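The chain contents come next:
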Amino acid sequence: MTTAISQIHHLPVSNTVLVRNTCHTRWFQRPLILKISALQPKTDMRDSDPDGPRIRRRSYLYGSVAAVSGLAGCLGARDDRTARKGTGEQSTAVHSGNETTDERVDGGDDEATDAVSITECTTITEPGTYVLAADLEAGPGETCIEIRASDVTLDGRGRTITGSGRTEPLEEPFEPATTGVLVRPTLTAAKKKRKKAGVTVPLTDGLSNVTVQNLTVQGFDAGITFEGVTGGEISGTTMTTMQYGLLLIKSSENTLRGNESTGNDRNGIRLERANGNLLEANTANDNGLPGGTGITLAESHENRLVGNDVDGNISGLELNRSHGNRLEENSVSGNIFDGIVLLGSRANSLVGNAVNSNTNLFGVILFDSHETTLEENTVNGNAQGGITLVEADDNTLVGNTANRNGFDGGIVLTYSDGNTLSNNTANGNIGASALSGPDIDPTLGPGFNLFDSSANRGRANTARGNDGGPINIVGGEGNSIEINGVVYTEATADGTPRGTDEQPMLSDPLEVLVETGEREQLLETIDVADAELPVDG
C-alpha cells in the first residue's frame, strides 16, 4: 500500500493497513410502514381477501398487529452521504469512514479481492465486498448500515453492531424505528411521499445477490431486514435483545442458514409476503415476550424450513395465511403456548418435525387451514393436546405419533371434515389419572377425539393406554376410522356409558372456541396466564 497517506492505523482485521476517516457523521430517519391487520373469522380468511395477512396478539389466541419500518441509517458527511468502493488499482480511498483495501475475503480463495473496510455506520450504494474493521455503534433512534445496491457482500468478521436499545412499545401497532442492517432499494421521491402518507408502495425495482454474514446485531428494533431482495443470503449471524431478529419483507429466493436469533421480544425470524425462501439450521429460541413467536410466516408462500431449532419461545412456529410451505425436521419444543400453529393456511406440508412438551396448549394446531399434510411428526407431552384441527378440512395425517398429551387427547378434530387419518399412534394420553376428586370425566385424554366432525376416514391407527379410551366421537356423521383393528363410525363408539349426544369435556380454551366462536374470553385467559409467568430477577 502507498505510504503517502497519513493517519495510518493497524487494526486486527486480516493484518490489513487501514486509513481512519475522522469526518463528522450526520443522522436522519425516514420511516417505512407495512401494516398487518387483525385476524378475521373463517369466512374472511380465503385467498380472495385483498387485505393481506390478519394477525392479532397471538393470532387466534393473543396475536399481534405488526408494523415494519425501515429507516435510513448512519450516513457519512460527504455530499452524496454514501460509501463507495474504490476503483483505482491497489488504491486506498477514504469514503465516510470506509477504506478500499487489497484484502482477501473469507472462503479460502487465493486470489486477493478488493474490499471496502467499514469503521462506522454508513450507506452502501455500489456493488462489492465490504468488511467490518471494528465494532459499530449507532446513535439513538438510528439505523446503522443501509445497503442499496445489488451484488454486495457484507462480512462482519465476527464483529458486533449495537444500537441504543429497542423501542419499548406503549401501544399497538408497534412500528420498528431502527435496524442494524437494512437492505432495500432506493426509493424515488414519489414513493417516499407515498410512504410518508402511509401508502404501501410496491417494490418494482428490487435488489439481488446481497449477502450478510458473520455478524452480531443487538439493541435495535430489528436486526437484519431484507426488503425487496431476491437471491440473497443471511448466514452465521447472531440477533439478540431486539423486537425482531431477522426480517424478510416482499423478498424471495433468499437463504437464511446457520443464524441464531434469541431473546427478542416479538419474533426471532419473521417473513412477510416473502416467497420461495429457504430457512435452514437456524436457532430461534427464547423469543416472544409478549405474545410473539420463534418463527412467523405472514402471507408467505412456498418457503422451506428445514432443521431449525424453535424452542422455549412464547409460541414456536406460526403460519398465517401462508400456503404451500414445507416444514421438515424442525425442533419446536418447550414453548410456553403452542408449538406449530397454522391459521387460514392451506397446502402446507409438515414432515418429520419434533413438537414436544409445549407447556400450556397444543403441539400442532390447524385453524381454518386445509389440504395440509402432516407426516411422521412426533407430537408428545403437550399440555392440552397433541395434533388439533379446528374448522380444518381435507387434511392428511399419516404416520404421526401423538403420545402422553393432555386432556383433549392425542389427535383432536373439532368442526373438521373430510380428513384422512392413517397409521398414526396416539398412546398414553392423560385425563382422569392426572386429576383427583369426585365426578372426574372418564373420557378426558382419549387417543382420538372428534367433535361435530364428519366424513373423516382412516386405517391402521393405534391408540392404547389412554385415560379416555381409544376414541371419542360426538356428533358428526359419515366417519370411518380404524383404531386397533376396529372401525369406529358411531358417536361414543368407545363404549363409555355417556349418552350419544353428550359432549366430552374439552379444555376451556377449545370449549370457548367451538361453542361461541368468540375469542375474548380466551384472550383474557391467556392474559392471566401471561401475567402469572415468572419474571427473571
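Predicted, not measured: the structure shown is a model, and the values here were computed from it.

How each quantity is defined
Residues numbered from 1 in each chain as written. Predicted model: local features only at pLDDT ≥ 70, side-chain atom pairs only at ≥ 80, totals over all residues. Heavy atoms only, no water. Helix = DSSP H or I, 4+ residues; strand = E, 2+ residues; numbered from the N terminus. Buried < 20%, exposed > 50% of the residue type's maximum accessible area, 1.4 Å probe, protein only. Contact = heavy atoms within 4.5 Å. Areas by Shrake-Rupley, 256 points an atom, 1.4 Å probe, with all protein chains shown as cover. Salt bridge = Lys/Arg side-chain N within 4 Å of Asp/Glu carboxyl O. Phe/Tyr/Trp six-rings, centres within 6.5 Å; stacked < 30°, edge-to-face > 60°. Pairing = 2+ DSSP bridges. pLDDT = per-residue confidence, 0-100. Polar contact = N/O pair within 3.5 Å; in protein donor to acceptor, adjacent residues only side chain to side chain. Disulfide = S-S within 2.5 Å. Core = buried A, V, L, I, M, F, W, Y, C linked by side-chain atoms within 4.5 Å.

**With respect to the overall build of the protein chain**
Summing up its helical and strand segments, the protein chain has three helices and 45 strands in all. Going through the 537 residues of the protein chain one by one, you find that 57% of them count as buried. For the protein chain, restricting intrachain contacts to residue pairs at least 6 apart in sequence, the fraction spanning at least 24 positions comes to 54%. When the accessible surface of the protein chain is totalled, it reaches about 20500 Å², and 46% of it is carbon and sulfur.

**What about the pattern of salt bridges?**
A full pass over the atoms with the stated rule returns seven salt bridges. A salt bridge links Arg 257 to Glu 280, with the nearest nitrogen and oxygen atoms 3.0 Å apart. With Arg 257 in strand β25 (residues 255-257) and Glu 280 in strand β28 (residues 278-280), this pair connects stretches of sequence that are 23 residues apart. Here Arg 257 falls in the partly exposed class, since its relative accessible area comes to 35%. When its relative accessible area of 26% is taken as the criterion, Glu 280 is described as partly exposed.

**What about the environment of Gly 381?**
Checked against the element boundaries, Gly 381 lands in the loop between β36 (373-375) and β37 (385-390). Each C-alpha atom of the pair Gly 381 and Ala 402 lies 8.0 Å from the other, and the pair is 21 residues apart in sequence. Discounting residues that sit within four places of it in the chain, Gly 381 has contacts with Ser 357, Asn 358, Asn 403, Arg 404 and Asn 405.

**Notes on the environment of Ser 208**
Relative to the assigned elements, Ser 208 resides in strand β18 (residues 207-208). When the C-alpha positions of Ser 208 and Ser 150 are compared, they lie 5.0 Å apart, and in sequence the two are 58 residues distant. In contact with Ser 208, other than residues within four places in its own chain, are Ser 150, Asp 151 and Thr 230.

**A look at the packing of aromatic side chains**
Under the criterion given, the structure shown has one aromatic pair. Relative to Phe 451, the ring of Tyr 415 lies with its centre 5.6 Å away and its plane at 55°, an arrangement referred to as tilted. Residue Tyr 415 is located in the loop between β39 (409-414) and β40 (420-422), and its partner Phe 451 is located in strand β41 (residues 448-451); the two are separated by 36 residues in the primary sequence. The exposure class of Tyr 415 is partly exposed, given its relative accessible area of 28%.

**Concerning the pairing of strand β19 (residues 210-218)**
Where burial is concerned, most of β19 is hidden: seven out of the nine residues are buried. Relative to strand β22 (residues 233-235), β19 runs parallel, the two sharing three bridges. Bridge pairing links Gln 213 to Ser 235 in β22. Across three bridges, the pairing between β19 and strand β23 (residues 238-240) is parallel. By the bridge assignment, Val 217 is partnered in β23 with Met 239.

**Considerations on the confidence of the model for the protein chain**
Per-residue pLDDT for the protein chain has a mean of 75; in total, 63% of the residues score no lower than 70. Taken as a whole, residues 102-112 scores under 50 in pLDDT and shows 25 contacts with residues more than four places along the chain or in a different chain.

**A look at the environment of Asn 479**
Locating Asn 479 in the fold gives a position in the loop between β43 (471-474) and β44 (480-483). Sequence spacing of Asn 479 and Asp 417 is 62 residues, and the spatial spacing of their C-alpha atoms is 9.0 Å. Not counting chain neighbours up to four residues away, the residues in contact with Asn 479 comprise Leu 450, Ser 453, Ser 454, Ala 455, Asn 456, Ile 473, Tyr 488 and Thr 489.

**Quick word on the side chain of Asn 353**
Topologically, Asn 353 is positioned in the loop between β34 (349-351) and β35 (362-367). When its relative accessible area of 1% is taken as the criterion, Asn 353 is described as buried. Within polar-contact distance, the side chain of Asn 353 engages the backbone nitrogen of Glu 329 at 3.3 Å. Every residue in contact with Asn 353, bar those within four places of it in the chain, is listed here: Leu 327, Glu 328, Glu 329, Asn 330, Ile 340, Glu 376, Asn 377 and Thr 378.

**Overview of the state of the cysteines**
Enumeration over the complete set of coordinates arrives at one disulfide. In this model Cys 121 forms its disulfide with Cys 144; the gap between the sulfur atoms is 2.1 Å. Note on the Cys 121 and Cys 144 pair: the S-S dihedral is about -90°, so by sign convention the disulfide is left-handed. With Cys 121 in the loop between β11 (113-118) and β12 (122-124) and Cys 144 in the loop between β14 (136-137) and β15 (145-147), the pair connects residues that are 23 residues apart, well separated along the chain. One exposure class covers both Cys 121 and Cys 144, and it is buried.

**Notes on the pairing of strand β31 (residues 315-320)**
With six of six residues buried, β31 lies mostly within the body of the structure. Across four bridges, the pairing between β31 and strand β33 (residues 340-343) is parallel. The residue bridging Leu 317 from the neighbouring strand is Ile 340, located in β33.

**Some points on the nonpolar core**
In terms of nonpolar packing, the biggest core is built from 70 residues, with Ile 145, Ile 147 and Val 181 touching the most fellow members. Looking at this core element by element, the count peaks at four residues for β19. Of all hydrophobic cores here, the second largest spans nine residues; its members include Phe 337, Phe 362, Ile 365 and Phe 367.

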